[in-house]
Each structure stands twice: as structure tokens, then as C-alpha cells.
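Per-entry structural report
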Amino acid sequence: MASSFTVLPVIRNSLSYPTMVASGYNNKEEFSFGNKPIFKSQRDILQDRLAVANVAHTLPVVAPPLPPPPESSGSNDWRHHVAWTSIPQERWEGELVVEGQIPRWLNGTYLRNGPGQWQIGDYKFRHLFDGYATLVKLQFQNDRLIAGHRQIESEAYKAAKKNKKICYREFSEVPKPANFLAYMGELANLFSGASLTDNANTGVVKLGDGRVVCLTETQKGSIVIDPDTLDTLGKFEYTDSLGGLIHSAHPIVTDSEFLTLLPDLIKPGYLVVRMEPGTNERKVIGRVDCLGGPSPGWVHSFPVTEHYVIVPEMPLRYCAKNLLKAEPTPLYKFEWHPESKGYMHVMCKASGNIVASVEVPVFITFHFINAYEEKDEDGRVTAVIADCCEHNANTTILDRLRLQNLRSFNGEDVLPDARVGRFIIPLDGSAHGKLEAALEADEHGRGMDMCSINPNFLGKKYRYAYACGAQRPCNFPNTLTKLDFVKKKATNWYDEGSVPSEPFFVARPGATEEDDGVVISIISEKNGGGYALLLDGSTFQGIARARLPYGLPYGLHGCWVPNK
Ligand SMILES: CC(=O)/C=C/C=C(C)/C=C/C1=C(C)CCCC1(C)C
Ligand SMILES: CC(/C=C/C=O)=C\C=C\C=O
Ligand SMILES: [Fe+2]
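Description of the structure in this document. All of these numbers come straight from a predicted model, not from anything done at the bench. (Residues numbered from 1 in each chain as written. Chains lettered and ligands numbered in written order. Predicted model: local features only at pLDDT ≥ 70, side-chain atom pairs only at ≥ 80, totals over all residues. Heavy atoms only, no water.)

Some words on the overall build of the chain
Scanning the chain from terminus to terminus reveals seven helices and 37 strands. Considering only residue pairs separated by 6 or more positions, the chain has 63% of its internal contacts joining residues 24 or more positions apart. As displayed, the chain has an accessible area near 22,300 Å², and 53% of this comes from carbon and sulfur atoms. (Helix = DSSP H or I, 4+ residues; strand = E, 2+ residues; numbered from the N terminus. Contact = heavy atoms within 4.5 Å. Areas by Shrake-Rupley, 256 points an atom, 1.4 Å probe, with all protein chains shown as cover.)

Now the structure itself:
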């Protein structure tokens, strides 16, 4: 099926660096936006900006020239795409020149977290997920845009910098014990959790009480940050006695609650827990016992409906043996057990009762998109629908995310196919559920991951999602894609050679249409540059973009912190 690709034209004489704003260039610049060229002098821009009252930051911090990537070893300098190259400095902040128009209602900060530093001294990480966390901000305020990035000061990052080597167990790497005694100590530390990383590099969430927390899959990697300065404020300590060492990297967070899953590796199952705003105490809603084995399936994320928490039991399962291994195994800390089958469990949020546990076709997903309750004419819930970015039950996607693979794109089409997997979970006591594609995967180039929805539609019947798809050939999702589940169509945005990060939807306050809002993404370009991009949530056309001083490494997940 044909897909429509919107290619943003190359910016001519682009307003490149924030420093230009400070020095007040007054030459006429022509720059194009969408299909229309726009003319504006930089002095005009500067004056517009300075006229705005209540400005948080006056002068931008000067950005350094683009340094060589730290991973390069001399000769063939710029071989890696900037998306897979470590951040060149620990922090930067400055004002960006905006082309186009930021909607006046967009007042707040977009925060994005991700693994941005893959080298410490001579030590080089091998997997995307290992990198030390780089937090990025885009502060939108009265037409102006202040950007910045900063490393999260986790214990793991601080220790690595001090000792010039990794000191904690990361996603795929384990510190090398000096001798046998150290190895035995290391094993004990693994069981107590002392040796696990707190490198909070996966996501960032705003709790109902206003605290902003960066997260990863280890519970100790929950770190409170200041959304303005990006300062690391300290550990988010869970004050309950639930124990366990790991949790889902993607809690469901709303103004009224924080829901997450705690996998139980000893007695295979999951605790479904809830935390109220203003507290650090999680309370158990209920427990799901696994139907397959030998251990729980990996739960990177999970969905909810208005009344239910959906617990996925994926046949890619945690593996205690692999946890103990020093060298990365093909599936890292996991093992593929198709014979153990895949299941979806539905738990009532109010009672903790399990209302359905069904076997489903085997699947691989990192990210659930949304879920909702399907009702009959009498309003009775007959089924739960749960959508995810599904990798056609093919585990090779984990290997594709090795840095060597990401960095060595040679034009070959090596990204494994993915689709929007739609689970249909009957609530009538049936033993089986279904898994099908919600739309033809060719609509989005058979690439699919890194999704967001209008948060007002969380757990409700919804029509639109935003995600990254593929324009092939590629080795990583390289389009921004709007999915329409009613028309079963995708609209794709593509900029040749660029790697866009997760399209993040922000709803317009007061909007009545589901797609009335903007989509924010940060683009890493093939020439080492990068820019922040705003697309209209409805038309999916560009409405504003702002060049960053240098391209940023790929980031994972973000959140929106509205201005008070
Ligand atoms: C970045 C991302 O998406 C995932 C990060 C996952 C991490 C850091 C997982 C870490 C783990 C350990 C350090 C040991 C226990 C298992 C596991 C949760 C995979
Ligand atoms: C980058 C990614 C998962 C990130 C987890 O937080 C998945 C990419 C999949 C590509 O198709
Ligand atoms: Fe994720």
C-alpha cells in the first residue's frame, strides 16, 4: 500500500546556532518552512525575543564547535551517525532560533531521557540501552524556546567517571571482578541489588504531586530531577517494604496515581502496585501468577483501561542464569521460551481480581500503545483491546540495537519488520485471545516503535497514535508516523538520513478533537546536526523547527511539564 511521505525541504542559509541570536546578526536570512519560504531578519527575531516579558533566560550559553565523536579513533573521524555518538559535553543550555510558529498555548517543558554517553575513559559500551542517561529539555515559553541537556548524576555514572570504568551492572555489561574473591562478593551484591545500576536512562515522568522522576528498569534507578535546571536532586526512595529489585520501565502516571508492575523472579508472577501522589509508598492492588515458565516475561511496559490493568506475559522471559553471566548473551538478561507461550492477564483495578487470563500468539514488544474496553449494545464490557508495537515475535530486534549494528548502516535494509499488534482479550471466560495487525504494516514501512497518544485518551477507545515507522532501506525506524486506526492509514514524515526520536503528543488545552495538539520530536541528522521539530497533531505538517548547536544522541522517552 502506498504511503504518503512528507519531506521537509532542506533549510537554506539556516539560522544555525543560538550564539547568532546573542550577537544580533542583521543580515536577511531566507529560510523555508513546510512548503513556504519565510523571510525574517535575525535582528527582527532577536528584537521579537527580547520584547517578550517574563523571560526565564536572557542570554544563551555559547555552544562549542562540534567536537570529534569520542568513540572515533583518529583517521575515519565522523563515521557514526550522531544519533549513536556520545554527547560531546556534560551539559549545555541556550536559546534556539525558531523557524515557523510555536503555538501560543504551548507553555511548558518537554523533557526527554535516554542513554547518551556510551564511553567512559577507554571503556566503550556495546548496547544502546547501556549508555549513561542524558536528559534533554525544550522549554517553550511565550514563543521562545530554551533548550538544554545534562547528564543525570546517578551513582553508576559518578562511579564510572571517578574510576574510568563501569562499576555497576548495566543492561548488558557487568563490571569485571579483579579476582575470585571479588567475584563471590559481586554475586552477593547481585542478590542484594547493591551491584545493579541506578543509571536512570529510559524515561522521565511527572508525578501527580509535581515531582519529576527519571526511571529505568531497576527500582534503585528512580531519580528525582529539577525540570528547569536538569539538576539531579536525589534518589526517589520507595518507603514501602515491597522489596524486589526491578520494575516496569514505563509506569502509568496520571495526576491521580502511579501504577507499575513488579516482576517476581522467585515465584514467577507480577505484583500490580499503585502509589498516590505525595507519597513514596506503593500499595499492592493484586498479584498475577505466571501461566508459563520458568520465570516471568520481560515487562518493559504495560497498558491500562479505565477499570483494568493489563499484565502481559511475554515468552521473552527474565533469565537468572544470564543475570549471573559476565559476558553479554544473545538475548542479554532474557531467554526466548516460545514453548512457554504468551499470555495476557486482565486485573480489576478496584478489587485486584483477575477477570481474564488468556493465551495469545507469541509476541515481542517493548511498548504498549494503549488499551480500552470494548462494550456491547447494553454497555457490558465484552473484551479488552490492547495495542502495542510488536516485532513479529522476532527477538533479533534486541541485537539490532547493538551500537555496532546501529553505527554500521550501509544502505542494506536490515530493520526487522514490526507492526501495530492488537490483542483482543475476551472477558467471557475463553481461554484464548487474538493478536492481529491493527492496520497494514506497509502503511508505516513495516517499522514500528516509540509511540505516544493523546494522554486524555489513556485507557479509552482512541483513534490516533504517533510512533516511529520506517522508510526503507534502513537499520532503525526513521520516520515519524501518525496512525489512524479508523481509516487504517498512516501519515509519514521523513527527512533523508535523519533519526527522529519518539514523537510526543501534547494536547491543546481545551481541545475537543483527539488529534488537536502538537507532536514534538528531536531529530538527529546524518551530517552531525540536529533540530527540535514541532508537527501539527492533526495535519502532521511541520509548524516549527529550531536548530540545536549540535546533533544529540538518540533519546528514548519524554514527558510534558506544563508551566504553573
Ligand atoms: C534503556 C532501556 O530501555 C532499558 C534498560 C534496562 C535496564 C537498565 C535493565 C537492567 C537490568 C539489570 C541491570 C539487571 C536485572 C535485569 C535488568 C532489569 C534487565
Ligand atoms: C529503541 C527501542 C526501545 C527502547 C526502549 O525503551 C526500540 C526500537 C525498536 C526498533 O524497531
Ligand atoms: Fe521504553
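Description of the nonpolar core
Ranked by internal contacts, the top residues of the largest apolar core, which has 82 residues, are W298, M344, L398, F423 and I425. If we skip the residues at most four places from it in the chain, F423 touches M344, V360, F363, F368, V384, I385, A386, C388, K434 and L435. W92, A544, A546 and L548 belong to the second-largest nonpolar core, a separate cluster that totals 26 residues. (Core = buried A, V, L, I, M, F, W, Y, C linked by side-chain atoms within 4.5 Å. Buried < 20%, exposed > 50% of the residue type's maximum accessible area, 1.4 Å probe, protein only.)

Observations concerning the coordination of the iron ion (ligand 3)
Protein coordination of the iron ion (ligand 3) is provided by H250 (NE2), H300 (NE2), H367 (NE2) and H557 (NE2), with donor distances spanning 2.0 to 2.1 Å. In primary-sequence terms, the residues that donate to the iron ion (ligand 3) follow H-x49-H-x66-H-x189-H. Taken as a pair, H300 in the loop between β18 (282-289) and β19 (308-313) and H557 in the loop between β36 (542-547) and β37 (558-562) lie far apart in primary sequence, 257 residues in all. Grouping residues by exposure puts H300 and H557 together as buried. (Donors = N, O, S within 2.8 Å, 3.2 Å for Na, K, Ca; no water.)

Regarding the site of ligand 1
If you check the shell around ligand 1, you find 15 residues, and the closest are N201, T202, T216, H300 and L323. In isolation ligand 1 offers 500 Å² of accessible surface; the protein chains occlude 97% of this area. A per-class count over the shell around ligand 1 returns seven nonpolar, four polar and four charged. (Near = heavy atom within 4 Å. Nonpolar A, V, L, I, M, F, W, Y, C, P; charged D, E, K, R; others polar.)

Here we look at the sheet that holds strand β25 (residues 381-390)
The antiparallel open sheet is built from four strands, whose spatial order is β24-β25-β26-β27. Of all the strands in the sheet, the pair left with one neighbour each is β24 (365-375) and β27 (434-437). Recorded for the sheet is a direction-independent mean angle of 25° between the axes of neighbouring strands. Where strand β26 (residues 419-426) and β27 come together, four bridges link them in antiparallel fashion. Paired with R422 across the strands is E436, a residue of β27. (Pairing = 2+ DSSP bridges. Axes fitted to C-alpha atoms, helices over the stretch in contact; angles between N-to-C directions.)

Focus on the site of ligand 2
In the neighbourhood of ligand 2, 13 residues make up the surrounding shell, with H300, H367, H391, P477 and H557 lying closest. Taking H300, its side chain carries an N or O atom lying 3.0 Å from an oxygen atom of ligand 2. Within the contact set of ligand 2, an oxygen atom lies 2.9 Å away from a side-chain nitrogen or oxygen of H557. For the shell around ligand 2, the elements supplying multiple residues, two or more each, are β24 and β28 (449-452). By residue class, the composition of the shell around ligand 2 is eight nonpolar, four polar and one charged. (Polar contact = N/O pair within 3.5 Å; in protein donor to acceptor, adjacent residues only side chain to side chain.)

So, the pairing of strand β6 (residues 108-117)
The buried count for β6 comes to ten of ten residues, which makes it a mostly enclosed element. Bridging between β6 and strand β9 (residues 132-141) involves nine bridges; their strand directions are antiparallel. Bridging across to β9, R112 finds its partner in V136. As judged from the five bridges shared by β6 and β37, these two strands associate in the antiparallel manner. Each bridged residue has a counterpart across the sheet, and for Y110 the counterpart in β37 is W560.

Topic: helix α3 (residues 155-163)
Listed in full, the buried residues belonging to α3 are A156, Y157, A159 and A160. Seen along its axis, α3 keeps its buried residues to an arc of 165°; they face one direction. On its buried face, α3 sits against β6, β7 (119-120), β9 and β10 (144-151). K164, located one to two residues past α3, shows a positive phi value of around 55°. (Arc of directions from axis to C-beta.)

Some words on the packing of aromatic side chains
Where two aromatic rings form a pair, the distance of their centres and the angle of their planes describe that pair. Taken as a whole and assessed by the stated rule, the structure comprises 22 aromatic pairs. Here the aromatic residues F129, F171, W298, Y318, Y332, F334 and F366 are joined through ring pairs into a cluster of three or more. The ring of Y238 is capped by R282, whose NZ or CZ atom sits 4.1 Å from the centre of that ring. Cation over ring: R422 sits above F485, and NZ or CZ is 5.1 Å from the ring centre. (Phe/Tyr/Trp six-rings, centres within 6.5 Å; stacked < 30°, edge-to-face > 60°. Lys NZ or Arg CZ within 6 Å of the ring centre and 35° of its normal.)

A few points about the pairing of strand β16 (residues 258-264)
The side chains of a regular strand alternate between the sheet's two faces. Among the seven residues in β16, six count as buried, and that is most of the element. Of the strand pairs in this sheet, strand β15 (residues 252-253) and β16 are connected by two bridges, and their pairing is antiparallel. What sits directly across from V253, in β16, is F258. What sits between β15 and β16 in their antiparallel hairpin is a turn of four residues. Pairing of β16 with strand β17 (residues 269-275), which is carried by seven bridges, proceeds in the antiparallel orientation. Residue pairing for β17: T260 is matched across the bridge by V273. Between β16 and β17, which pair antiparallel one after the other, the connecting turn spans four residues.

A short note on a nonpolar patch on the surface
A surface patch of nonpolar side chains, amounting to about 320 Å² of accessible area, comprises F180, Y183 and M184. Mapped onto the elements, Y183 comes out in helix α4 (residues 180-192). The exposure class of Y183 is partly exposed, given its relative accessible area of 32%. (Patch = residues over 30% accessible without salt bridge, like charges linked within 9 Å, V, L, I, M, F, W, Y side chains within 5 Å. Salt bridge = Lys/Arg side-chain N within 4 Å of Asp/Glu carboxyl O.)

Structural notes on the state of the cysteines
Counted under the stated rule, the structure contains zero disulfides. There is no disulfide at C290, and the cysteine sulfur nearest it, in C319, is 14 Å away. We classify C290 as buried; its relative accessible area is 14%. For C474, which is in no disulfide, the shortest distance to another cysteine sulfur is to C468 and amounts to 11 Å. C474 gets classed as buried once you look at its relative accessible area, which sits at 2%. (Disulfide = S-S within 2.5 Å.)

Description of the environment of F504
Mapped onto the elements, F504 comes out in strand β33 (residues 504-507). When the C-alpha positions of F504 and N454 are compared, they lie 8.9 Å apart, and in sequence the two are 50 residues distant.

Some thoughts on the sheet that holds β37
One open sheet accounts for five strands, arranged β4-β10-β9-β6-β37; its pairing is antiparallel. In this open sheet, the two strands that pair with only one neighbour each are β4 (91-96) and β37. Pairs of neighbouring strands in the sheet enclose a mean axial angle of 15°, with direction left out of account.

By themselves, these observations are geometric and do not establish any function.
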